[in-house]
Amino acid sequence: MITRKSGEQAQEKLSAEKSFQFGVQSSNDSELEQAAESFGEAQQSFDLRGDYRRAAESPAMIAAIECQNGLLEQSVSSSRYAIQLSHDAVHPSEEAESLLALGHFERQLGHLDQAVEAYLMAHRLYQALHQVQGLGRVALALGHIELQRTHLDYAAQHYQEAIDYLRAAADTTDIDALKSLANVQRVLGNFSEAEVDCQLALEKYRVSEDVFGRIDALTDLGRIYLDAGRLDQASQTWIEALNLARSTEYEEGQGDVSLGLAEVDLRKNRVDQAGLEARAALRAYTMRRYDLGIANAERLLAAIYLRDG
């Protein structure tokens, strides 16, 4: 027999579920303000019912929306609330997910010690749960932290650990770890190791038919060849990347490749051609309003003008 009270509870649960699903749909449709409002309503409803596990999902989603809006401090607060609710619900998997997200937000804010603390707490939970994929994601994040701190050897160790974990979990994000490890090996001057890792990442992108990933990997490979002094191979690799970037109208990729080709031309003392490539990079970056790329292109143009006398 359905009592009035149980009927009201069922209706409240249905209403909370509808609010949450509407939030998901609004988020998918990029209606972020509406999504945040719906998730807030769902969280309150689940919280009142004592369903802390479901209640924790909403602030976690709100934190992601706040991050998209550049409100990182609010993302931190929302993540901490989600962590507390997950902990109260004794749901360590979701608690670990929110701790990992908290670490990402803290890292973006430049709070590296706080980020590491969150990552290590997530690591302990994933380890207790025997979640290899989660351990890999934590290792990747710790690698990024050590890279920011310019502790390159430690970064390389974490990236290799991430690759091992993610491969064991059949997680395709091992490509991110491979690319990161290749970059660190390049900076350390270990060009052979960097080339092997980058080629492996490139092959994975080819198999998955990820054209943008191929462009980025080819760009990285060209940089390895450039730093190793293999200028002709760098040019050949970047020309292949440039053709792909043009076919997909990938302006940022075109900028990266053009900048690399300009560096090759400058090293070969082809100053006029280097200027043309650097200006092409500047145009591509300007179209994307990519400030870092614009700064790099302008810096290289200044070097070219000095060489030109």
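Residues numbered from 1 in each chain as written. Predicted model: local features only at pLDDT ≥ 70, side-chain atom pairs only at ≥ 80, totals over all residues. Heavy atoms only, no water.

1. Section: the overall build of the protein chain
Here is the rule: Numbering of helices and strands runs from the N terminus, with a helix taken as a DSSP run of H or I at least four residues long and a strand as a DSSP run of E at least two residues long. Only protein chains enter the accessibility calculation, which uses a 1.4 Å probe. A residue is then buried if its area is under 20% of the maximum for its type, exposed if over 50%, and partly exposed in between. Surface exposure here means Shrake-Rupley accessible area, sampled with a 1.4 Å probe, where a residue is shielded only by the protein chains that are shown. When charges are counted, Lys and Arg are positive and Asp and Glu negative, with His and the chain ends excluded. A single reference atom marks each charge: NZ on Lys, CZ on Arg, CG on Asp, CD on Glu.
Scanning the protein chain for helices and strands turns up 15 helices and 0 strands. Out of the 309 residues belonging to the protein chain, those deemed buried represent 43%. Total accessible area computed for the protein chain in this model is approximately 16,200 Å², and 49% of it derives from carbon and sulfur atoms. When the 30 positive and 49 negative side-chain charges of the protein chain are each reduced to one mean point, those points stand 2 Å apart.

2. Brief notes about the pattern of salt bridges
Here is the rule we go by: What makes a salt bridge here is a side-chain nitrogen of Lys or Arg within 4 Å of a carboxyl oxygen of Asp or Glu, nothing more.
Evaluation of the coordinates by the stated rule reveals 14 salt bridges. Taking the shortest distance from any N to any O, the salt bridge between Lys204 and Asp174 comes out at 3.3 Å. Highlighted residues: Lys204 in helix H10 (residues 191–207) and Asp174 in helix H9 (residues 174–187), separated in sequence by 30 residues. Here Lys204 falls in the partly exposed class, since its relative accessible area comes to 30%. Residues Asp220 and Lys179 are paired through a salt bridge, measuring 3.9 Å at the closest nitrogen-oxygen approach. Of this pair, Asp220 sits in helix H11 (residues 211–227) while Lys179 sits in helix H9, and the two are 41 residues apart along the sequence. Taken together, the salt bridges that share partners define one network made up of Arg167, Asp174 and Lys204.

3. A word on helix H3 (residues 52–68)
Heads up, the rule is: In this analysis, the expected span of each helix is defined as 1.5 Å times one less than the number of residues it contains.
When the terminal C-alpha atoms of H3 are compared, their 25 Å separation across 17 residues agrees well with the 24 Å that a helix rising 1.5 Å per residue should span. Among all positions of H3, only Arg54, Ala55, Ala56, Ser58, Pro59, Ile62, Ala63, Ile65 and Glu66 are buried. Following H3 by one or two positions, Gly70 has its phi on the positive side, about 80 degrees.

4. Examining the side chain of Ser235
Where we set the bar: Two residues form a contact once any of their heavy atoms are found within 4.5 Å.
Relative to the helices and strands, Ser235 resides in helix H12 (residues 231–247). Its relative accessible area of 12% is what places Ser235 among the buried residues. Ignoring any residue separated from it by four or fewer positions in sequence, one finds Ser235 in contact with Leu261 and Val264.

5. As for the packing of aromatic side chains
Worth spelling out the cut-off: Here a pair means two rings of Phe, Tyr or Trp (six-membered ring of Trp) with centres within 6.5 Å. Their orientation is stacked below 30 degrees between planes, edge-to-face above 60, and tilted elsewhere.
Per the counting criterion, the structure on display carries 2 aromatic pairs. Summarising the aromatic geometry, the rings of Phe212 and Tyr250 are spaced 5.2 Å apart at their centres and angled 85 degrees between planes, so their arrangement reads as edge-to-face. Here Phe212, found in helix H11, pairs with Tyr250, found in the loop between H12 and helix H13 (251–267); they are 38 residues apart in sequence, far enough to count as distant. Judged by relative accessible area, Tyr250 falls into the buried class, the value being 16%. Note on Tyr285 and Tyr290: the rings are 5.5 Å apart at their centroids and 65 degrees apart in plane angle, and the pair reads as edge-to-face. Since its relative accessible area comes to 27%, Tyr290 is described here as partly exposed.

6. Some thoughts on the packing of H9 against H10
To keep it simple, the criterion reads: Geometry is summarised by axes, namely lines fitted to C-alpha atoms with helices restricted to the contacting stretch, and by angles between N-to-C directions that run from 0 to 180 degrees. Just so you know how the angles are binned, under 35 degrees is roughly parallel, over 145 roughly antiparallel, 65 to 115 roughly perpendicular, and the rest oblique. Crossing handedness is read from the near helix: turned anticlockwise from the far helix by less than a right angle, it gives a left-handed crossing, and turned clockwise, a right-handed one. Residue classes follow a fixed rule: Ala, Val, Leu, Ile, Met, Phe, Trp, Tyr, Cys and Pro count as nonpolar, while Asp, Glu, Lys and Arg count as charged, and any other residue, Gly among them, counts as polar.
One way to put it is that H9 packs onto H10 with a least axis distance of 8 Å and a crossing angle of 155 degrees. Here H9 is positioned roughly antiparallel relative to H10, judged by the angle of their axes. Viewed along their axes, H9 and H10 form a crossing whose handedness is left-handed. Two secondary-structure elements touch here, H9 through Asp174, Ile175, Asp176, Leu178, Lys179, Leu181, Ala182, Gln185 and Arg186 and H10 through Phe191, Glu193, Ala194, Asp197, Cys198, Leu200, Ala201, Lys204 and Tyr205. Within the contact of H9 with H10, the residues separate by chemical class into 10 nonpolar, 1 polar and 7 charged.

7. Brief notes about the environment of Gln21
Mapped onto the fold, Gln21 is located in helix H1 (residues 4–28). Here Gln21 falls in the partly exposed class, since its relative accessible area comes to 46%. For the pair formed by Gln21 and Ser38, sequence separation is 17 residues and the distance between their alpha carbons is 8.4 Å.

8. Brief notes about the packing of H12 against H13
The description of two helices packed together rests on the angle between their axes and the distance between the axes. Taken N-terminus to C-terminus, the directions of H12 and H13 make an angle of 155 degrees; their axes are 9 Å apart at the nearest point. Here H12 lies roughly antiparallel to H13, going by the angle between them. Taken as a pair, H12 and H13 cross one another with a handedness that is left-handed. On H13, the residues touching Leu231, Ala234, Ser235, Trp238, Ile239, Ala241, Leu242, Ala245 and Arg246 of H12 are Gly253, Gln254, Val257, Ser258, Gly260, Leu261, Val264 and Arg267. Taken together, the residues of the contact of H12 with H13 break down into 10 nonpolar, 5 polar and 2 charged.

9. Notes on helix H7 (residues 132–148)
Compared with the 24 Å implied by 1.5 Å per residue over 17 residues, the 25 Å span of H7 between its first and last C-alpha is a close match. Along H7, the positions that sit buried rather than exposed are Gly134, Leu135, Gly136, Val138, Ala139, Leu140, Ala141, Leu142, Gly143, Ile145 and Glu146. Contact partners of the buried residues in H7: helix H5 (92–108), helix H6 (112–129), helix H8 (152–168) and H9. Of the residues flanking the end of H7, it is Thr150, one or two places downstream, whose phi is positive at about 60 degrees.

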